[in-house]
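Take a look at the letters that make up each chain.
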Amino acid sequence: LLIKRKLIIALCAEQIQTITNGILYPMESESRQVKDLSGRWRFRTDNSSGRDTGFQERWWERRLAETGHVIDMPVPASYNDITQDKSIRDFVGWAWYETTFFAPNAWNNEVTNVWLRVGSAHYYAMVWLNGEQVMEHEGGHLPFECDVTMSLNFGATNRLTIAVNNTLTPNTLPPGEINHYNGKDDYPAGYFTQFKQPPYAFNQEYEFDFFNYAGIHRPVKLYTTPRLRIGEIVTSSDVTADHASATVHYQVTVTDSSRVGQEMASYNITVVLEDSTGAIVNKTSGGSGSITVTQPMLWWPVGMHDQVGYLYTMVVYAGRLGLSAPITTDVYRLKIGIRTVTVDQTLKINGRPFYVIGVGKHEDWDVRGKGFDWSMVVKDFNLLDWLGANAFRTSHYPYAEEIMQMCDERGIVVIDECPAVGMRSANNFVNKTLSHHLNVIGELVTRDRNHPSVIMWSVANEPSSQLPPAAQYFKTVLDRARELDPTRPATFVCNAGYDSDLATPYVDVVCVNKYEGWYDDPGHVEVIQKRLSYFLTQWHEKRSKPVIHMEWGAGAIAGFHSDPSLMYTEEYLCDVMREHFATFDSLRTGSNPVLAGEMIWNFADFATAQATTRAYGNRKGIFTRQRQPKSPAFVIRDRYRALRNQSVAERQTELDLIGKHWWREVRENWDRSL
């Protein structure tokens, strides 16, 4: 299957110009229009033994319905849970999508380009427009796009075909393997599974503990730009120690596809910074530069300030001078926050210590799988607010850009993770994987580096960092993240032992997973405080860096109760929580605190591959998959809200002291003048 996929890609590939790094989110403006192609598409799977009939018969050259039976499929959504067909739920291979749309004649002019953008398709995607291949992309969870101006039928109907393949290999992120049962008489002919042989298998399907949902997971959009367009905007900020002044740095990339001959042109770029009311704060010109902001409104997370998530708008205008041909000025508005992130003995935002109280999450919902859905996204944010959490990690892959925008607005801190989860074998740490990993980091960092909510990059979750190749491998990936964005710390989440790990010397913050009372000493909550305190202290002493306990918790099936508590009951997770909280409180204070944060696993129950250790998915959520609270949710809510209130009280005390010092200075100056 994998060999055939490579041959198919080689057969179909031409001069495909797929753009991924640094692409701006589609936004309407004076110069841009957006058309969302989300909705009801036509769908079928290629059930041939080699999964290659669609390519042999060139399905993209005609209507999908002419190739065989098709069904309705919503986009965005995972296709797995939409039907009652088990073969679709567990399908591995090429799945085919098709839709039609109308391209207005108004877009057909000498100053406009039209772009096709896929928000995310898992895992490998190939795209045809009106029978012509226009792009392909490897890896889920991140957007890709291309200019389709020359492929469109303006003033007519257009046919869009997308083929998606969810096959995982030792060199994909996440990794997996296909196991063929050829020659085994007790299996059906041609039978295969997405499978990883022991000793590295987490379960019988693949090496990570969530379901391998597939399909077109985020919106597919058309959008227009002038032929001279703003291609990328990169921002960062510096803030003075007294917060009295800030400097916003920017760099604008302009691309020009105007067909006006070879004459050199000069670009006219103007950058205007507006506050939240639309009032102009400052402005400048040029492709790169800085804007000074006096008395800035800083971006603060929840709990650190009475006004959280404050955003400015950077308005960028780009045009061209010196040519007689008509050129439209491109306009793009980018929301930015002014804030800094630093690491010394602890993690700091705007120079003040920040203690992470959050959750590990998944993009995982009933029916829609990993498909983007505003109802579910807003519900999750309301639950985060109800909990009092100030952060989450995008475990274990980049989340939708709309989610990142809401984090900016609501003051929720994000540890932004790439999909390198399940790297358990030395076969995963080879040059082929590394090359892909560096590409994924490039796409992730350039997509999200303008979001103030993102305070740290995580380049992997639970790799076998005790293996000799892991040290240089992760040094290379971490260096790449810092090269693309030197303003944020970079890490990976470690579950190797503090005495065996080889790669954490290269992280800025030590992030560790440990399930004391669950995978370690199951059923024995009485040892949690001693063992967990020793474990976290050892990590801190070994690396002399702040430590975040990134995953901890226990399974709790909603409605299971026992007193005294037993594993899998809600009461047991409550007991585990209380022992962890006591440990955390002993390690998070003092002149040299060990702990910089705590993030329980998980926010909600989520789907996994079928396994004897998973009863209808992973049940470690404090909410059910339907977002109803289990009793542990109330326990952690009490803690998080108390910690958040404590942070607010400490901030008020600081402001009171500042006020007293200010009044004393005024009095002393007045006395001197007299």
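Quick summary incoming for the structure in this document. Keep in mind that this is a model prediction, so the values were computed, not measured. (Residues numbered from 1 in each chain as written. Predicted model: local features only at pLDDT ≥ 70, side-chain atom pairs only at ≥ 80, totals over all residues. Heavy atoms only, no water.)

## Some details on the pairing of strand β10 (residues 156-165)
Of all 10 residues in β10, 8 are buried, a share of seventy percent or more. The pairing of strand β7 (residues 124-129) with β10 spans 6 bridges and is classified as antiparallel. Following the sheet pairing, W128 is matched in β10 by T161. (Buried < 20%, exposed > 50% of the residue type's maximum accessible area, 1.4 Å probe, protein only. Helix = DSSP H or I, 4+ residues; strand = E, 2+ residues; numbered from the N terminus. Pairing = 2+ DSSP bridges.)

## So, unusual backbone geometry
A cis geometry characterises the amide bond from V75 onward to P76, with omega recorded as 5 degrees. Inspection of the secondary structure assignment puts P76 in the loop between β3 (71-75) and α3 (86-89). Going from S395 to H396, the amide bond is cis rather than trans, its omega being -10 degrees. Even without glycine at this site, Q295 takes up a positive phi of about 50 degrees. By the secondary structure assignment, Q295 is in the loop between β19 (288-294) and β20 (312-321). Judged by relative accessible area, Q295 falls into the exposed class, the value being 61%. At R627, a residue that is not glycine, the phi angle is positive and equals roughly 70 degrees. Residue class for R627 comes out buried when judged on its relative accessible area of 2%.

## Let's talk about the layout of surface pockets
Computed from the structure, the largest pocket encloses a volume of approximately 1300 Å³. What lines the largest pocket is a set of 45 residues, and nearest its centre among them are K86, R89, D90, F211 and Q610. Broken down by secondary-structure element, the contributors of at least two residues to the lining of the largest pocket are α3 and β12 (192-194). Residue composition of the lining of the largest pocket, grouped by class: 18 nonpolar, 16 polar and 11 charged. (1 Å grid on protein atoms, 1.4 Å probe; cavity = no way out; pocket = protein on both sides within 12 Å on 5 of 7 lines; lining within 4 Å. Points joined across faces, edges and corners; volume = space filled by probe spheres on them. Nonpolar A, V, L, I, M, F, W, Y, C, P; charged D, E, K, R; others polar.)

## As for empty space enclosed by the protein
Taken as a whole and judged by the stated rule, the model has 7 cavities of 30 Å³ or more. Within this model, the largest cavity holds a volume of roughly 80 Å³. Lining the largest cavity are Y25, P26, R117, G119, R218, P219, K221, A400, E401 and E402. For the lining of the largest cavity, the residue count by class is 4 nonpolar, 1 polar and 5 charged.

## Some details on the packing of aromatic side chains
Per the stated rule, a full pass over the model turns up 40 aromatic pairs. Measuring from ring centre to ring centre gives 5.3 Å for F43 and Y79, while their planes differ by 40 degrees; the resulting arrangement is tilted. Here the residue F43 occupies a position in strand β2 (residues 39-45), and Y79 occupies one in the loop between β3 and α3, the gap between them amounting to 36 residues. For the pair formed by F43 and Y79, the shared burial category is buried. Residues Y515 and Y519 carry aromatic rings whose centres are separated by 5.1 Å and whose planes lie at 75 degrees to one another, so their mutual orientation is edge-to-face. With relative accessibility at 43%, the residue Y519 sits in the partly exposed group. Ring-pair connections join several aromatic residues into one group, and the members of that group are F55, W59, W60, W94, W96, Y124 and W128. Over the face of the ring belonging to F392 we find K361, whose NZ or CZ atom lies 5.8 Å from the ring centre. Between K514 and the ring centre of F535, over which it is positioned, the NZ or CZ distance is 4.9 Å. (Phe/Tyr/Trp six-rings, centres within 6.5 Å; stacked < 30°, edge-to-face > 60°. Lys NZ or Arg CZ within 6 Å of the ring centre and 35° of its normal.)

## A word on the packing of helix α4 (residues 374-387) against helix α5 (residues 401-410)
Orientation of α4 relative to α5, taken along the N-to-C sense of each, is 30 degrees, at an axis distance of 11 Å. Of the two possible hands of crossing, α4 and α5 adopt the one that is right-handed. Together, W374, V377, V378, F381 and N382 of α4 and E402, I403, M406, C407 and R410 of α5 make up the contact between the two elements. Considered class by class, the residues forming the contact of α4 with α5 number 7 nonpolar, 1 polar and 2 charged. (Axes fitted to C-alpha atoms, helices over the stretch in contact; angles between N-to-C directions. Left-handed = near helix turned anticlockwise from the far one by under 90°. Contact = heavy atoms within 4.5 Å.)

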